[in-house]
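# Breakdown of the fold
So the chains spell out like this:
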Amino acid sequence: MLDLWLIRHGEAEPRSAPWNDDAGRPLTQVGRAQAARLPRILPPLDRLFTSPLTRAADTANAITHLAPRRAESLAVLGEEDAMDVIDAVRRLLEGAHSDAGSGAVAGLRPLRIALVGHQPTLGEVAGYLIAPYRADQPAAIALGKGGVVHLTGDRLEPGGMVLRKLLRAEDLDQMGS
């Protein structure tokens, strides 16, 4: 069983001087506040993976204490191919149970993995995993900056997981007040 958390990075600085390079754009003050709210809803994690882009890595830094290995960079999360992300997670899961905490290894709880990345990729990953696949109408979830999708299931294939939570940054704001 897998608990999969898909987290879109918080609000980032606009693409302009001094951040003309998209990969280096940091979080804004709002984005840092969005990231700071994440520990309220996430459980302890077995693994935490992040896009190498600065805004995603900055978001992951707010929750890195929840994972024993801290945040691990996963290049495919910085790209725009949902199937590549799913394939990478499949490969990670092949050895993940031996690397996870004792509760997940013993089967007492699901393996908990979080991916911090970007739209539209994370929304496409979620859509692929929760809905039957149709090439002419692929499913996707609109995930705003600072948003979180929580999926559970045991199959990384179309319809193999269940949507448990879809939280916008605004939802996280209300949970904290």
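Above this text you will find the structure in question.
The paragraphs below set out a description of the structure included in this document. (Residues numbered from 1 in each chain as written. Predicted model: local features only at pLDDT ≥ 70, side-chain atom pairs only at ≥ 80, totals over all residues. Heavy atoms only, no water.)

### Some remarks on the pattern of salt bridges
Side chains carrying opposite charge are able to pair once their charged atoms draw close together. Applying the stated criterion across every chain yields a total of 9 salt bridges. D171 is the salt-bridge partner of R168, the closest N and O atoms lying 3.0 Å from each other. The exposure class of D171 is buried, given its relative accessible area of 17%. Within the structure, one salt-bridge network assembled from shared partners comprises R15, D22, R25 and R55. (Salt bridge = Lys/Arg side-chain N within 4 Å of Asp/Glu carboxyl O. Buried < 20%, exposed > 50% of the residue type's maximum accessible area, 1.4 Å probe, protein only.)

### Side note on the side chain of T121
With respect to the helices, strands and loops of the structure, T121 is situated in helix α5 (residues 121-130). Relative accessible area serves as the criterion here: at 2%, T121 is assigned to the buried category. Contacts of T121, omitting those with residues within four sequence positions, involve E79, E80, D81, A82 and V85. (Helix = DSSP H or I, 4+ residues; strand = E, 2+ residues; numbered from the N terminus. Contact = heavy atoms within 4.5 Å.)

### A few points about the sheet that holds strand β6 (residues 161-167)
On the basis of which strands lie adjacent, the open sheet formed by 6 strands has the order β3-β2-β4-β1-β5-β6 and mixed pairing. Every other strand in the sheet has two partners, leaving β3 (71-73) and β6 as the edge strands with one partner each. The average angle at which neighbouring strand axes cross in this sheet is 20°, direction not considered. Pairing of strand β1 (residues 2-8) with strand β4 (residues 111-117), which is carried by 7 bridges, proceeds in the parallel orientation. Residue W5 lies in a different strand from β4, and its bridge partner there is A114. (Pairing = 2+ DSSP bridges. Axes fitted to C-alpha atoms, helices over the stretch in contact; angles between N-to-C directions.)

### Some details on the nonpolar core
L4, L6, L115, L129 and L151 are the most contacted members of the largest nonpolar core, which totals 26 residues. Where this core is concerned, the elements lending two or more residues are β1, α3 (82-99), β4, α5 and β5 (148-153). Those residues in contact with L6, other than ones at most four positions away along the chain, are L115, L122, V125, A126, L143, G147, V148, V149 and L151. Membership of the second largest hydrophobic core comes to 17 residues, among which are L38, I41, L42 and L48. (Core = buried A, V, L, I, M, F, W, Y, C linked by side-chain atoms within 4.5 Å.)

### Considerations on helix α2 (residues 54-61)
Considered for burial, the residues of α2 that qualify are R55, A56, T59 and A60. Buried residues in α2, looked at end-on, bunch into an arc of 135°, giving them a common side. (Arc of directions from axis to C-beta.)

### With respect to the pairing of β5
Of all the 6 residues making up β5, 6 are buried; the element is thus mostly covered by neighbouring parts of the structure. On β5, burial covers both faces: V148, H150 and T152 on one face and V149, L151 and G153 on the other are all buried. Inspection of the sheet shows β1 paired to β5 by 6 bridges, in the antiparallel sense. Each residue of the ladder has a partner; that of D3, found in β5, is T152. Sheet analysis places β5 next to β6, joined by 6 bridges and oriented antiparallel. Residue V149 lies in a different strand from β6, and its bridge partner there is L166.

### Here's the deal with α5
Within α5, 8 of the 10 residues are buried, leaving the element largely enclosed by the surrounding structure. Taken together, the buried positions of α5 are occupied by T121, L122, G123, V125, A126, G127, Y128 and L129.

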